[in-house]
2 protein chains.
Amino acid sequence: MITVLAGGIGAAKFLEGLAAILPPEQITVIVNTGDDAEFHGLHVSPDIDTIMYTLAGVVNRETGWGIAGDTFQALEALRRLGAETWFQLGDQDLATHLHRTRRLRQGAPLGDVISELCQRYGVRCRILPMSNDPAPTRLRTSAGELSFQEYFVTLRQQPEVLEVDLSAAEDSQPAPGVIEAIINAQGVIVAPSNPMISIGPILAVPGIRDALRNTPAPVAAISPIIGGKALKGPADRMLQSLGLGASAVSVAELYRDFLDVFVLDDQDTALQPEVERNGMKVIVTQTIMSSAHAKQSLARTMIEFIQVMR
Amino acid sequence: MITVLAGGIGAAKFLEGLAAILPPEQITVIVNTGDDAEFHGLHVSPDIDTIMYTLAGVVNRETGWGIAGDTFQALEALRRLGAETWFQLGDQDLATHLHRTRRLRQGAPLGDVISELCQRYGVRCRILPMSNDPAPTRLRTSAGELSFQEYFVTLRQQPEVLEVDLSAAEDSQPAPGVIEAIINAQGVIVAPSNPMISIGPILAVPGIRDALRNTPAPVAAISPIIGGKALKGPADRMLQSLGLGASAVSVAELYRDFLDVFVLDDQDTALQPEVERNGMKVIVTQTIMSSAHAKQSLARTMIEFIQVMR
C-alpha cells in the first residue's frame, strides 16, 4: 500500500504514472482541500477534482484541470446574470459540484461524497480529503489578505505572498482513514506539489505531520522545484517572497522533520550534498513528467527505492 | 394597470400578446409557485421561468419551456453520476436556478430574486410569485399521493387525479405587492391556465381570493377548455376525474365567486347561456393563440372589454 500526499496538477501527473504500474487499489491519495471554495452556492474542491478527473481519464489535457471537451454554457449564462465568473466551471464539471453540494447539505462527510464520485467516475485509487472539515488557506500578500482562489485565479498569482495562513486548519481533524493510510503504508510519497499551498495545508491538519514523523514506512518527497524554478505555478516566487530561497533545498528543509528520501531532478545534481547534510537520502533522477513513459518511470523509481528502504 | 393570474405555457402565450399591445410596465403577473420543486439541490420555479423566458424572448418555442438552443451537458453528467434526471434542466437554464438558490439561501425573498432575474433578462412586466413562502401542490391520484412534478413529468399526467391538495398554502402569505396589484388594477385577467393546478394554488393563498372578490376592477377569465378539451395538459381529464365535467362551464363555476367576465372560444358559443345563468358576462371570441396575431388579438379583446366594463 502506497500513500501519496497531493495537491492538484503536478500530483495528478505523478499519480497517473503510479496507477499505471501498481494496482490502483493499492494507492491512497490524501488531497489538499485548503483551496476548496464556494462558487454560485456550490462547493468546489479543485485539487480533488483534478486528481479524480485525471485518474478517471477524463481530464482536459490542455489545462490539466476540468473535463476534456466540456462546454461553458451555464457559466456564460451566469455571467449574463451578473455573477462573478472568473473561476472556470464547465457544464459537465458543474454536475460534480451539484452532486457534492447536495450531499454535503444532506450531512454526508466530504470523504464519503468523494468516494461516491470516484466510484461513479470509475476511479479505483482511494482518494481522501485531508479533512472533512473546512480549513481554507488564506494568504497575506502585497495586494492584501486574499483567499486562495482570489490569489490564484483572479489575481493570477501576481501579488507577492508574504504569509501563508493555515490557522483555519487548527480546529480540523484528519478525514477518517488519513492517519491509518500514513501509519500503515509501505511507503509514503509527497507528490511534486507546491510545498506551501498544496502540501502545507495537509501538514497543518492536526495529527498528520506527527503521523508522517512516526510512520514506520519510508517517506519520500519529489521536488517541485527544478533548477530554481517551478515547472508550473508560483512555488518558486513564493519560496522567494517568504524568504526561503527558490531552491529544491528549501523544499527539503520544509519537510526535514519527517522525510527519509528527497528526489532531485537530474538538473539539480549539485544540490545533493546540501540535502544529504540535513540527514536525508537523495535520489537524483529525471522528474519532468512530459510523457506517459516519464510519469511511469518516475513512479517506478519511487517504488523501487521504497522497496529497498524497507 | 392590468394584473394577470398565470400558470405556465398557456399564460405565457397570452402575456406575449398583452405585452405587445400594452406598455409592459403596466402589466403585473401573479404566478403559481405551487409546482416549485428542488432538483439537484436547486430551487426550480417552472411557471415563473416559463413566463420570464417567454417575455424575455428566449423561450424554446418547440417545448414552450426552457431556453431556445440550450444544451444538456450538466444534466447528462448528473445522470452518469446516478442522479434522477427526469426533470429537464438545460445548461443555461441551470444558471437561473443556481442564481435563485444562492440568493434564497442568503435569505432573499423569492419575489426579490425573481425581480433581479427579470431585470437581467430584460423583462419589463412585473412578475410576482403568488407567495414568497413554499406552498407545494400535492395530488392524490390513482397512483397514490404524488408531488406535482412526479405527476406532471415523471408519470406524464397519466394517473387519474382524485384530489388536489392545496393545504400547504394555508400558512403562506401573498408575496408583497400581490394584493395591491389585484385591488389597484384597472382589470384583472385569469389566464387560460389549468384552473385546478395552476390558478387553484394562487387562489389558495390566504387573502388572494378575497382580494379578487373585493377589487373594484373587473375580473375576467379566459377558458382553458375548448370544445371539452384542454389545448395542452391534463385540465380536461382532471375536471372529469374530480367529478366536475370537462367543459368550459365547469371552469367558470370554479371562479364564479369573483368573476365578472368569462371568455369562451368561438367553438363553445352554445355554452354562453349556461355561463350567463351564473351571473357572469360572456365574451365569445377566437382564443386559440396559434400566432402572434392571434395572441395580440385576444389580448386586445380583453383590454377593450375591460375598458368598457369600467
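Definitions and limits used
- Residues numbered from 1 in each chain as written.
- Chains lettered and ligands numbered in written order.
- Predicted model: local features only at pLDDT ≥ 70, side-chain atom pairs only at ≥ 80, totals over all residues.
- pLDDT = per-residue confidence, 0-100.
- Buried ≥ 20, exposed ≤ 12 C-beta atoms within 10 Å, placed from the backbone.
- Helix = DSSP H or I, 4+ residues; strand = E, 2+ residues; numbered from the N terminus.
- Contact = placed C-beta atoms within 7 Å.
- Pairing = 2+ DSSP bridges.
- Axes fitted to C-alpha atoms, helices over the stretch in contact; angles between N-to-C directions.
- Core = buried A, V, L, I, M, F, W, Y, C linked by C-beta atoms within 7 Å.
- Expected span 1.5 Å × (residues − 1).
- Least-squares fit on C-alpha atoms with pLDDT ≥ 70 in both.
- Parallel < 35°, antiparallel > 145°, perpendicular 65-115°, else oblique.
- Left-handed = near helix turned anticlockwise from the far one by under 90°.
- Nonpolar A, V, L, I, M, F, W, Y, C, P; charged D, E, K, R; others polar.
- Right-handed = clockwise from strand over helix to strand, strands pointing away.

A. Structural detail: the confidence of the model for chain A. When pLDDT is averaged along chain A, the result is 96; 100% of the residues meet or exceed 70. Interface confidence for the predicted complex, expressed as ipTM, amounts to 0.89; the pTM equals 0.92.

B. How the structure looks around helix α3 (residues 73–80) of chain B. Taken residue by residue, α3(B) has B:Q73, B:A74, B:L75, B:A77 and B:L78 as its buried positions. Tucked inside the fold, the buried residues of α3(B) contact α3 (73–80) and α4 (91–105) of chain A together with α4 (91–105) of chain B. In the segment just after α3(B), B:G82 is the residue with positive phi, at about 95 degrees.

C. Molecular detail of the sheet that holds strand β6 (residues 138–141) of chain B. Residue and element names in this part refer to chain B. The strand order across the open sheet formed by three strands is β7-β6-β8, and the pairing between neighbours is antiparallel. Among the strands making up the open sheet, the edge pair consists of β7 (144–147) and β8 (161–165). With strand direction ignored, the average angle separating the axes of adjacent strands in the sheet is 25 degrees.

D. Structural detail: the nonpolar core. In this structure, B:V4, B:A6, B:L15, B:V29, B:I30, B:I51 and B:I127 are the most contacted members of the largest nonpolar core, which totals 114 residues. By residue number, the principal contributor to this core is helix α1 (residues 9–21) of chain B, which donates seven residues. In contact with B:A6, other than residues within four places in its own chain, are B:A11, B:L15, B:V29, B:I30, B:V31, B:N32, B:D47, B:I51, B:A191 and B:S193. Membership of the second largest hydrophobic core comes to 90 residues, among which are A:L5, A:V161, A:I189 and A:I222.

E. Seen up close, α4(A). Counted at 1.5 Å a residue, the expected span for α4(A) with its 15 residues is 21 Å, and the 21 Å between its end C-alpha atoms agrees. Within α4(A), 12 of the 15 residues are buried, which leaves the element mostly enclosed by the surrounding structure. Buried within α4(A) are the following residues: A:D91, A:Q92, A:D93, A:L94, A:A95, A:T96, A:H97, A:L98, A:H99, A:R100, A:T101 and A:R102. The secondary structure elements touched by the buried residues of α4(A) are β4 (42–44), α2 (46–56), α3 and α5 (110–121) of chain A together with α3 and α4 of chain B. Taken from the residues just after α4(A), A:G107 is the one with a positive phi, measuring 100 degrees.

F. Region of interest: the environment of A:L298. All names here are of chain A. Among the structural elements, L298 can be located in helix α13 (residues 292–309). Between the C-alpha atom of L298 and that of G64, which follows or precedes it by 234 residues, the distance is 19 Å. Those residues within four positions of L298 in sequence are excluded, and the remaining contacts are F14, G17, T285, T287 and M289.

G. Structural context of the relation of the copies chain A and chain B. Between chain A and chain B, which share one sequence, the superposing operator has a rotation angle of 180 degrees and an axial displacement of 0.0 Å; the RMSD is 0.0 Å. Such a turn and shift between the copies fits a two-fold axis. When C-alpha distances to the rotation axis are compared across chain A, the minimum falls at A:D91, with a value of 3.2 Å.

H. Layout of the packing of α2(A) against α5(A). Residues and elements named next belong to chain A. It is at 10 Å that the axes of α2 and α5 come closest, and there the two elements cross at 20 degrees. By the angle class used here, α2 and α5 are roughly parallel. Crossing of α2 over α5 shows right-handed handedness. In contact with I48, M52 and A56 of α2, α5 contributes I114, L117, C118 and Y121. Across the contact of α2 with α5, the residue classes tally to seven nonpolar, no polar and no charged.

I. Structural context of the interface of chain A and chain B. Between chain A and chain B, the contact holds 22 residues from the first and 22 residues from the second. For the side of chain A that touches chain B, the element with the most residues is α4(A), which contributes nine residues. In the side of chain A that touches chain B, the residues fall into nine nonpolar, eight polar and five charged.

J. The arrangement of unusual backbone geometry in detail. All names here are of chain A. With a phi angle near 55 degrees, H40 is a residue other than glycine that sits in the positive phi range. Turning to its location among the elements, H40 is positioned in the loop between β3 (37–39) and β4. Within the chain, R156 stands out as a residue other than glycine whose phi angle is a positive 45 degrees. The residue R156 is located in the loop between α6 (148–154) and β8 (161–165) in this model. Residue classification places R156 among the exposed residues on the basis of 10 C-beta atoms within 10 Å.

K. View of the pairing of strand β13 (residues 261–265) of chain B. Residue and element names in this part refer to chain B. With respect to burial, β13 is a largely interior element, five of its five residues being buried. Burial along β13 is two-sided: V261, V263 and D265 and F262 and L264, pointing in opposite directions, are all buried. Pairing of strand β10 (residues 219–222) with β13 involves three bridges; the strand directions are parallel. Pairing of I222 across the sheet is with V263, part of β13. Crossover β13 to strand β14 (residues 281–285) through helix α12 (residues 272–277) is right-handed.

L. Representation of the sheet that holds strand β2 (residues 27–31) of chain B. All names here are of chain B. Across the sheet, which stays open at both edges, the seven strands sit in the order β5-β2-β1-β9-β10-β13-β14 with parallel pairing between neighbours. With partners counted over all chains shown, the strands left at the sheet margins are β5 (126–129) and β14, one partner each. Adjacent strand axes in the sheet meet at a mean angle of 20 degrees when their direction is disregarded. Those strands touched by α1 are β1 (2–6), β2 and β10, and its axis lies near 165 degrees from that of β1.

M. The arrangement of the pairing of strand β9 (residues 187–190) of chain A in detail. Residues and elements named next belong to chain A. By the alternation rule, side chains of β9 split into G187 and I189 and V188 and V190, which are all buried. Pairing analysis gives four bridges linking strand β1 (residues 2–6) to β9, with the strands arranged parallel. Within the sheet, the bridge partner assigned to T3 lies in β9 and is V188. Two strands pair when backbone bridges link them, and β9 and strand β10 (residues 219–222) are joined in this way by three bridges, in the parallel orientation. Looking at the pairing, I189 lines up with A220 of β10.

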